Amino acid sequence: MTSSNIRLYNSLTRTIEPFVPQTPGEVRMYVCGVTVYDDCHLGHARSQMVFDTLHRLFLETGHRVRYVRNITDIDDKIIRKAREAGRPISEITGRYIDSFHRDMVRLGILSPMAEPRATEFLSGMITLIERLLSVGAAYPSGGDVYFRVRRFPGYGELSHQVLADLLAGARIEPGEEKEDPLDFVLWKGAKEGEPSYPSPFGEGRPGWHIECSAMSLHYLGPTLDLHGGGLDLLFPHHENERAQSEAATGVTFSRMWVHNGFVTTRETKMSKSLGNTRQIRNFFEESPYPEEVTREWLRYFFLSTHYRSPVDFTDQALASAKLALDGLYQCLALLSEAEETRQGAEDDAWEFRRAFMEALSADLDTPVALSVLHAAKSRINPWLASGRLGRAPADPGAVRALFELAGRTMGVLRVDPSRWVTGLREAGSKGPSGLTEEEISHLVILREEARKNRDFSKADAIRDRLKESGIVLEDQPGGPPRIRRI
RNA sequence: GGCGGCGUAGCCAAGCGGUAAGGCAGAGGUCUGCAAAACCUUUAUGCGCCAGUUCGAAUCUGGCCGCCGCCUCCA
């Protein structure tokens, strides 16, 4: 089962197109990873989440996914960071690669098929540069090697820029000896005190763009089905990658280009140069919830906006996302007590799946997919909440299957509902309330005794005290009260 | 200056030619010792403003206002 109806917005054509891989049932997908000189922020989180969801969607629709995500471990900023810290480059990159991987685990991102590092691919890059030199698309100059932009007729097509306009903003750094201001560097000649590698063009290091061309060629061949990354990579990074790859291979570099929108704070782009970033690790460490809960909370928050729109990171929107997810978990908890039914089960399962998959297939419309979850919840909740009397309005098994589908594709609703509602960070430790589990249950017992004796003022006093600590008690008929943390 | 995006209820957010999904918050109700949760009902004659195209526009066209992004490293 490899047929799918997935449509995606292609930045190259600026239209939504059917996604048709060159080999049926197999997806060759390359996404730009990170440059490892600092901890990742929420902008990286969103981007990885978007392409993770796409990755999962391809898997769900029966594709074999050959997903490659690079790590840039040699560049100016890394060198500067190492110099400032007085530490070796490898120590800096090692630290931030570890940090990146830790963040990917926190976010629940599926591992790619390969995660090549630039420094491991020097020979591939050198081969590619030699190829570009031999066809006249590149030239050596002053110890560097440059790509001859005007030699590539399609330059500017991806970012929809015309050469003349680009020229106005182009610049030549001191020491560069370009034929044309638009040309970009493929190989940087070694400078005093900088790390360098041997090459036929002399000692030096690769330019930024060439690694992606070399690595994608190595793992996925000359033509990708899909190339992704943040919108800020569109120009110049992807434009240049495309130019150099196609100049070298003579064939289409990527059939489809997908770019995600930014995370903003107060409606301005979150970026390191503006100093308004929020780190992923920082968000998790400050979260009052366990990691598995925080993960889904963040995922739900980001996926409740379409991937191409900007997302403003606000406390209010974040709180709203948590409450919406809580509602879904409430349904999941009730659902776990219900049996599968009866007639119509297959119809329900089919209908839910169809609606959900259609939303994701329509240019990854995750907000609509999430609304399908809420629609299913609304349909079955009255019946679940009223003791499951009479005919079920939908098959509980079908709703559960829908939630599992959401888990597989969007990475939400995977936590055990009882843990979702009551979980502390670690059993026995003090939670965000400042109370241990034992202290809480002791207070709950005291209150139950007071209630039994109809000493309601005492019972209410205990409940108020717990509430001040962020613990809400919900009395249930014929059972112990439920403990919920806010 | 060039290229592009956005502006939908108190907030978040879909829809992109056929008469406004969903979530959060709010209001009323059921339940409860009282609450909370849950459940039920309810909340945009209107989608920045003004023209126009159309039988019909939030959706298309033109103009205007406001906000944001890329063009330099950036997810």
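Please refer to the structure higher up on the page.
Anyway, here's the lowdown on the structure attached to this text. Only a predicted model underlies this, so the values are computations on that prediction, with no experimental measurement involved. Residue indices follow the written sequence of each chain, beginning from 1 at its first position. Here chains are named by letter from A upward and ligands by number from 1 upward, in the order in which they appear as written. Reporting of local features is limited, given that this is a predicted model, to residues whose pLDDT is at least 70; pairs of side-chain atoms are given and counted only at 80 or more, and all residues count toward the totals for whole chains, interfaces and linings. Remark: hydrogens and water are excluded; side-chain values derive from all non-hydrogen atoms of the structure.

As for the overall build of chain A
Right, on to step 1. The secondary structure listing takes helices from DSSP runs of H or I that are at least 4 residues long and strands from runs of E that are at least 2 residues long, numbered from the N terminus. Summing up its helical and strand segments, chain A has 16 helices and 15 strands in all.
Right, on to step 2. Each principal axis of the C-alpha distribution contributes one length, and for chain A these read about 90 × 55 × 35 Å.
Right, on to step 3. Relative accessibility thresholds used throughout: buried, under 20% of the residue-type maximum; exposed, over 50%; partly exposed, between the two (1.4 Å probe, protein chains only). Residues classed as buried in chain A amount to 51% of the 486 residues present.
Right, on to step 4. One way to put it: in chain A the 61 positive side-chain charges average out to a point 3 Å from where the 68 negative ones average out. For this count, His and the chain ends are skipped, Lys and Arg are scored as positive, and Asp and Glu as negative. Lys charges are placed at NZ, Arg charges at CZ, Asp charges at CG and Glu charges at CD.

Overview of helix α16 (residues 456-468)
Right, on to step 1. Between the first and last C-alpha of α16 there are 18 Å, a value that for 13 residues agrees with the 18 Å anticipated at 1.5 Å per step.
Right, on to step 2. Those residues of α16 that are buried are in contact with α15 (437-452) and β14 (471-476). The span you would expect from a helix comes to 1.5 Å times its residue count less one. Contacts are residue-level and defined by heavy atoms, with any inter-residue pair within 4.5 Å sufficient.

Observations concerning helix α13 (residues 396-410)
Right, on to step 1. Taking 1.5 Å per residue, 15 residues should reach 21 Å; α13 reaches 21 Å between its end C-alpha atoms and fits that length.
Right, on to step 2. Taking burial as the measure, the 15 residues of α13 include twelve buried ones, the bulk of the element.
Right, on to step 3. Within α13, burial applies to Pro-396, Gly-397, Ala-398, Val-399, Arg-400, Leu-402, Phe-403, Leu-405, Ala-406, Gly-407, Thr-409 and Met-410.
Right, on to step 4. Positive phi appears at Gly-411, one or two residues downstream of α13, with a value of about 75°.

A few points about the side chain of Asp-39
Right, on to step 1. Tracing the backbone through its elements, the reader meets Asp-39 in the loop between β3 (26-35) and α1 (42-60).
Right, on to step 2. The contact partners of Asp-39, leaving out residues within four places of it in the chain, are Tyr-96, Ser-99, Lys-272, Gln-279 and Arg-281.

Some points on the packing of aromatic side chains
Right, on to step 1. Any two of the Phe, Tyr and Trp rings considered here, Trp counted by its six-membered ring, make a pair once their centres fall within 6.5 Å; the pair's planes then place it as stacked at under 30 degrees, edge-to-face at over 60, or tilted in between. Within the structure shown, the criterion is met by 14 aromatic pairs.
Right, on to step 2. Taken together, a centroid distance of 5.4 Å and an interplanar angle of 90° make the contact between Phe-301 and Phe-313 edge-to-face. Here Phe-313 lies in the loop between β13 (311-312) and α10 (315-335) and Phe-301 lies in helix α9 (residues 291-303), a separation of twelve residues in the sequence.
Right, on to step 3. Here the aromatic cluster, defined as three or more aromatic residues joined through ring pairs, consists of Phe-283, Phe-284, Tyr-289, Trp-297, Phe-301, Phe-302 and Phe-313.
Right, on to step 4. Note on criteria: charge over ring means Lys NZ or Arg CZ within 6 Å of the ring centre, with the direction from the centre no more than 35 degrees off the ring normal. Above the ring of Tyr-9, the side-chain terminus of Arg-308 is found at 4.1 Å from the ring centroid.

Comments concerning the sheet that holds strand β8 (residues 204-206)
Right, on to step 1. Any two strands between which DSSP finds at least two bridges are classified as paired. Pairing is antiparallel in the open sheet, where four strands are placed in the order β5-β6-β7-β8. Strand pairing shows two members of the sheet lacking a second neighbour, β5 (138-141) and β8, which therefore form its edges. The average undirected angle you get between the axes of adjacent strands in this sheet is 25°.
Right, on to step 2. Examined bridge by bridge, β5 and strand β6 (residues 144-147) share four bridges and lie antiparallel to one another. Residue pairing across strands places Ser-141 opposite Asp-144, the latter belonging to β6. Every angle, taken between N-to-C directions, lies between 0 and 180 degrees, and every axis is a line fitted to C-alpha atoms, over only the stretch in contact when it is a helix.

Regarding the environment of Gly-154
Right, on to step 1. Within the secondary structure layout, Gly-154 lies in the loop between β6 and α5 (163-169).
Right, on to step 2. Residue classification places Gly-154 among the buried residues on the basis of a relative accessible area of 10%.
Right, on to step 3. Each C-alpha atom of the pair Gly-154 and Tyr-139 lies 19 Å from the other, and the pair is 15 residues apart in sequence.
Right, on to step 4. In this view, Gly-154 contacts Glu-239 and Arg-242; residues no more than four positions away in its chain are not counted.

A look at the protein's contact with RNA strand B
Right, on to step 1. Nearness is judged by heavy atoms alone; a residue qualifies as near a molecule or strand once a single heavy atom is within 4 Å of it. Within the structure, RNA strand B sits among 56 residues, and Lys-77, Trp-208, Gly-230, Leu-233 and Asn-381 are positioned closest to it.
Right, on to step 2. Close to the protein, within 4 Å, the atoms of RNA strand B are drawn from sugar and phosphate at a rate of 68%.
Right, on to step 3. Counting of polar contacts relies on pairs of N or O atoms within 3.5 Å, with two restrictions inside protein: one atom must be capable of donating a hydrogen and the other of accepting it, and residues adjacent in sequence are counted only when both atoms are side-chain atoms. Measuring from a base nitrogen of RNA strand B, one finds a backbone N or O atom of Gly-43 at 2.9 Å.
Right, on to step 4. Interatomic distance of 3.2 Å between a backbone N/O atom of Asp-475 and a base nitrogen of RNA strand B.
Right, on to step 5. The leading source of residues in the surface near RNA strand B is helix α12 (residues 366-385), at seven residues.

Observations regarding the sheet that holds β3
Right, on to step 1. Read from one edge to the other, the open sheet built from four strands follows the order β4-β3-β9-β10, with strand pairing classed as parallel. Of all strands in the sheet, those with a lone pairing partner are β4 (64-72) and β10 (257-260), marking the two edges. Across the sheet, the mean angle separating the axes of adjacent strands is 20° when strand polarity is ignored.
Right, on to step 2. As defined by bridge partners, β3 adjoins strand β9 (residues 226-230) across three bridges and the pair is classed as parallel. Bridging from a neighbouring strand, Met-29 pairs with Leu-226 of β9.
Right, on to step 3. Set on the sheet, helix α3 (residues 89-107) makes contact with β3 and β4; between it and β4 the angle comes to about 145°.
Right, on to step 4. Sitting on the sheet, helix α7 (residues 234-249) is in contact with β3, β9 and β10, with an inclination near 155° to β9.

Take it as geometry only, folks, not as evidence of what the structure does.
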